[in-house]
Amino acid sequence: MMFYFSGAGNSYAVAKQIAESIKDEQIIPLARFEDLKQCEKAERIGLVFSCYDGNAPDIVLDFKNKLFNLIDKKNIYVFAVITA
Ligand SMILES: Cc1cc2nc3c(=O)[nH]c(=O)nc-3n(C[C@H](O)[C@H](O)[C@H](O)COP(=O)(O)O)c2cc1C
């Protein structure tokens, strides 16, 4: 599963391109995702977002912290792509 956070659509476009090239990947808007428990079943989790003031946006950092707490020690591949 791949999550994106995108204000103007740049990160969305990148997420869409990646999803098309690594087939079977669904892209999910981070801002509207509520069921974090779903992530436990994933083999691979992607985060695509833009750089805000030299960092990730707060919503992404918050999600990342919750995600890492949930999947701690599970064998799940996590990757991030940052647009700037
Ligand atoms: C509040 C804000 C802060 C930003 N800070 C940076 C930054 O520190 N470095 C950078 O390279 N781009 C920065 N940008 C530009 C965005 O990262 C860039 O336009 C990105 O492609 C936007 O992606 P999106 O359309 O998916 O939101 C910033 C944009 C915004 C709105």
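The structure this text deals with has already been given above.
Before going into details, it helps to say that this report is about the structure given with it. Only a predicted model underlies this, so the values are computations on that prediction, with no experimental measurement involved.

1. Some points on unusual backbone geometry
Item 1. The residue Asp 53 is not glycine, and still its phi comes out positive at about 50 degrees.
Item 2. With respect to the secondary-structure elements, Asp 53 resides in the loop between strand S3 (44–50) and helix H2 (58–71).

2. Let's talk about the packing of aromatic side chains
Item 1. Enumeration according to the criterion identifies six aromatic pairs in this entry.
Item 2. Ring geometry for Phe 33 versus Phe 63: centroids 6.4 Å apart, planes at 75 degrees, classification edge-to-face. In this pair, Phe 33 sits in the loop between strand S2 (27–29) and S3 while Phe 63 sits in helix H2, placing the two residues 30 residues apart along the sequence. The same class applies to Phe 33 as to Phe 63, namely buried.
Item 3. Summarising the aromatic geometry, the rings of Tyr 77 and Phe 79 are spaced 6.3 Å apart at their centres and angled 35 degrees between planes, so their arrangement reads as tilted.
Item 4. A residue is classified by how much of its surface remains accessible, and Tyr 77, at 55% relative accessible area, is exposed.
Item 5. Looking at Phe 79, the relative accessible area reads 17%, which means it is buried.

3. Observations regarding the site of the ligand
Item 1. Near the ligand lie 13 residues; those nearest to it are Ser 6, Gly 7, Ser 11, Cys 51 and Asp 53.
Item 2. In the environment of the ligand, an oxygen atom lies 2.7 Å from a nitrogen or oxygen atom belonging to the backbone of Gly 7.
Item 3. One of the backbone N or O atoms of Gly 9 is found 3.0 Å from an oxygen atom in the ligand.
Item 4. Of the residues that constitute the shell around the ligand, the class distribution is four nonpolar, eight polar and one charged.

About the criteria used
- Residues numbered from 1 in each chain as written.
- Predicted model: local features only at pLDDT ≥ 70, side-chain atom pairs only at ≥ 80, totals over all residues.
- Heavy atoms only, no water.
- Helix = DSSP H or I, 4+ residues; strand = E, 2+ residues; numbered from the N terminus.
- Phe/Tyr/Trp six-rings, centres within 6.5 Å; stacked < 30°, edge-to-face > 60°.
- Buried < 20%, exposed > 50% of the residue type's maximum accessible area, 1.4 Å probe, protein only.
- Near = heavy atom within 4 Å.
- Polar contact = N/O pair within 3.5 Å; in protein donor to acceptor, adjacent residues only side chain to side chain.
- Nonpolar A, V, L, I, M, F, W, Y, C, P; charged D, E, K, R; others polar.

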